[in-house]
Amino acid sequence: MKKIVLWCMSTLTVLVLLFGYHTSTSSQAAATAESSTVTPVAGSLAATPSTSASATAPAAATPSAAASATAAPESTTATTTTVTGSAADTRYGPVQVQLTVSGGTITDVSVIDYPSSNGKDQQINGRALPVLVQETLDAQSADIDMVSGATYTSDGYLQSLQSALDQAGL
Amino acid sequence: MNRTAAEAPTRYVEHVMGMPISLALRGRHTTDRAARDAWAEVMTELRDVDRVFSTYRADSVISRLGRGEVTVEDCVPEVAEVLALAAAAEHDSGGAFSAWLPGPDGVRWLDPSGVVKGWATERAAAWLAQLPDTDFCLSAGGDLTCRTLDPDGPPWRIGIEHPTDPGRVLAVLPVATGAVATSGTAHRGAHLVDARTGLAPTGVAQVTVWGDSLTAADIDATAAFALGSGAAVWLATRPGRSSFVVWADGSTTTVDGSATI
């Protein structure tokens, strides 16, 4: 149970960061816009494995001034802010998360410290993972080899993008 | 960026477990006997897995286990292996993922499908890995594992499907060697549930996870989707994989787990 509480605390750290970001923006309009995009993360507290999480969520929302102790914007442009949380102990080990907020929306969550207690993880982490190129494209112009999507059934396959790719190569 | 016809991979498609299995090969063995034999072995192995693990077959080992007619000890060892993977995922996700899903009557029934697909596909790909001087990309219904032998060779370009507009891709992931898995409800409706409630998760439309292991990527994509709006925060705790979440409102979050220590 204690580990669950720690996990919630790490989630809270993320939340606190977000509210800390609010205090650094003076525009009321911006704060309003952000609060709507923050909702999914706040909702995640209820989804994390503890009933105590929902009870602590409102508490995190109020003392936004205290958040500045743990979070400070590292780099700010007109639309993008990056904030780094303090390392939090979770059930998986220490986790430190960096958030990028752009235009009031969380656009990136980077893990800059994470559990690495076993050899398998270190082995996995030895090689850099591919980096996503985010761009909405028509399939024809994307020049792709294979499609990753929600599970295709055989029935739905004939209408699918993967089917078009397979036929093109057959 | 467009490739010539000579560089286009050779493709194979067959259906098993109610879904299409797509293979792309490039390199020395693409159309010869060795390539066709390896493909045949892949399909034979996936059909064997289906006979053991299909929840649609009343006579499958997993169906009989779920009804209590046999014990795990009575089953082939792969059953214990899959159930152990499911148990670890259930623990890691705080119960949102489970091989025991609550039915409408509240009674839980055994369905380890969330583990089986990625695990089986990764196992079957071992047949392709034996082809010398040959690159492969093997996809089972949108979850895939690929290999590129030449470190300077072109990576496989993986399109991440748009969850509500399946004719388009939201992003492209260049993968030399690794695995990509996506969970969502685009093609099968709301069949994925949060095992704690038996209800469809809310807030999230699609989760894509990539890393070295398809088994791990598939499990994490399924578990993160089950966590609903908590998907991205949970994924940030998973070592050695990165992920891409599409929320119900169409916004997206990239979770970069590739940082080295």
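These numbers come from a predicted model, not from an experiment.

**Focus on the overall build of chain B**
Phase 1: Tallying secondary structure elements over chain B gives seven helices and 12 strands in all.
Phase 2: Once local pairs closer than 6 in sequence are excluded, the contacts in chain B between residues at least 24 apart make up 56%.
Phase 3: Of the roughly 10100 Å² that chain B leaves accessible, carbon and sulfur atoms contribute 54%.

**As for the sheet that holds strand S7 (residues 156–161) of chain B**
Phase 1: In spatial order, the strands read S6(A)-S8(B)-S7(B)-S7(A); together these four strands make up an open sheet with mixed pairing. Pairing within the sheet leaves two strands with one partner each, and these edge strands are strand S6 (133–138) and strand S7 (146–148) of chain A. Sheet twist, expressed as the average angle between the axes of neighbouring strands with direction ignored, equals 40°.
Phase 2: In this sheet, strand S8 (residues 168–175) of chain B lies alongside S7 of chain B in antiparallel orientation, the contact comprising six bridges. Note that in S8 of chain B the partner of Ile158 of chain B across the bridge is Leu173 of chain B.

**Comments concerning the environment of Val133 of chain A**
Phase 1: For Val133 of chain A, the position within the fold is in strand S6.
Phase 2: Non-local contacts of Val133 of chain A, meaning those with residues more than four positions away in its chain, are made with Ala171 and Val172 of chain B.

**Regarding the confidence of the model for chain A**
All names here are of chain A.
Phase 1: Averaged over all residues, the pLDDT of chain A is 52; the fraction at 70 or higher stands at 19%.
Phase 2: Mean pLDDT values for the elements of chain A range from 31 in helix H3 (residues 52–61) up to 92 in S7.
Phase 3: Throughout residues 115–126 the model reports pLDDT below 50, and contacts reaching past four residues in sequence, or to other chains, amount to 19 contacts.

**Things to note about the environment of Gly250 of chain B**
All names here are of chain B.
Phase 1: Assignment of secondary structure puts Gly250 in the loop between strand S11 (242–247) and strand S12 (252–256).
Phase 2: For Gly250, a relative accessible area of 48% corresponds to the partly exposed category.
Phase 3: Residues Gly250 and Thr164, 86 residues apart in the sequence, show an inter-C-alpha distance of 9.0 Å.

**Looking at helix H3 (residues 77–92) of chain B**
All names here are of chain B.
Phase 1: In a regular helix each residue adds 1.5 Å, so 16 residues correspond to 22 Å; H3 covers 23 Å between its end C-alpha atoms and thus fits that length.
Phase 2: Among the residues of H3, those classed as buried are Val79, Val82, Leu83, Ala86, Ala89 and Asp92.
Phase 3: Close packing links the buried residues of H3 with helix H1 (33–53), helix H2 (61–66), strand S4 (108–110), helix H4 (113–124), helix H6 (214–226) and helix H7 (231–235).
Phase 4: With its phi angle positive at about 65°, Gly94 sits one or two positions after the end of H3.

**Looking at the environment of Ala124 of chain B**
Residues and elements named next belong to chain B.
Phase 1: Note that Ala124 resides in helix H4.
Phase 2: On the basis of relative accessibility, which here comes to 0%, the residue Ala124 falls in the buried class.
Phase 3: Along the sequence, Ala124 and Glu41 sit 83 residues apart, while their C-alpha atoms lie 7.7 Å from each other.
Phase 4: Dropping the residues within four chain positions of it, Ala124 is found in contact with Val42, Glu45 and Leu46.

**Side note on the pairing of S11 of chain B**
All names here are of chain B.
Phase 1: For S11, the tally of buried residues reaches six of six residues, placing the bulk of the element in the interior.
Phase 2: Here S11 shows a buried face lined by Ser242, Phe244 and Val246 and a second buried face lined by Ser243, Val245 and Trp247.
Phase 3: The sheet contact formed by strand S10 (residues 204–211) and S11 spans six bridges and is antiparallel. Note on S11: the bridge partner recorded for Gln206 is Val246.

**Description of the packing of H3 of chain B against H4 of chain B**
Residues and elements named next belong to chain B.
Phase 1: It is the contact of H3 with H4, at a shortest axis distance of 10 Å, that shows an interaxial angle of 125°. Regarding the angle of H3 to H4, the classification is oblique. Here the hand of the crossing between H3 and H4 comes out right-handed. Residue-level contacts link Glu78, Glu81, Val82, Leu85 and Ala86 of H3 to Val115, Val116, Trp119 and Arg123 of H4.
Phase 2: In terms of residue class, the contact of H3 with H4 is built from six nonpolar, no polar and three charged.

**Description of unusual backbone geometry**
Residues and elements named next belong to chain B.
Phase 1: With a phi angle near 55°, Met17 is a residue other than glycine that sits in the positive phi range.
Phase 2: In the Ramachandran plot, Asp133 falls in the positive-phi region, its phi being about 55° despite a non-glycine side chain.
Phase 3: Position of Asp133 among the secondary structure elements: in the loop between helix H5 (126–129) and strand S5 (134–140).

**Points about the pattern of salt bridges**
All names here are of chain B.
Phase 1: In this structure the tally under the stated criterion is 15 salt bridges over all chains.
Phase 2: In this structure, the salt-bridge partner of Lys117 is Asp143, at a minimum N-O distance of 2.9 Å. Separated by 26 residues along the polypeptide, Lys117 in helix H4 and Asp143 in strand S6 (residues 143–147) bring together distant segments of the chain.
Phase 3: Assessed through its relative accessible area of 9%, Lys117 is described here as buried.
Phase 4: Assessed through its relative accessible area of 1%, Asp143 is described here as buried.
Phase 5: Residues joined by salt bridges that share partners form a network here, namely Asp92, Asp220, Arg238 and Arg241.

Calculation notes
- Residues numbered from 1 in each chain as written.
- Chains lettered and ligands numbered in written order.
- Predicted model: local features only at pLDDT ≥ 70, side-chain atom pairs only at ≥ 80, totals over all residues.
- Heavy atoms only, no water.
- Helix = DSSP H or I, 4+ residues; strand = E, 2+ residues; numbered from the N terminus.
- Contact = heavy atoms within 4.5 Å.
- Areas by Shrake-Rupley, 256 points an atom, 1.4 Å probe, with all protein chains shown as cover.
- Pairing = 2+ DSSP bridges.
- Axes fitted to C-alpha atoms, helices over the stretch in contact; angles between N-to-C directions.
- pLDDT = per-residue confidence, 0-100.
- Buried < 20%, exposed > 50% of the residue type's maximum accessible area, 1.4 Å probe, protein only.
- Expected span 1.5 Å × (residues − 1).
- Parallel < 35°, antiparallel > 145°, perpendicular 65-115°, else oblique.
- Left-handed = near helix turned anticlockwise from the far one by under 90°.
- Nonpolar A, V, L, I, M, F, W, Y, C, P; charged D, E, K, R; others polar.
- Salt bridge = Lys/Arg side-chain N within 4 Å of Asp/Glu carboxyl O.

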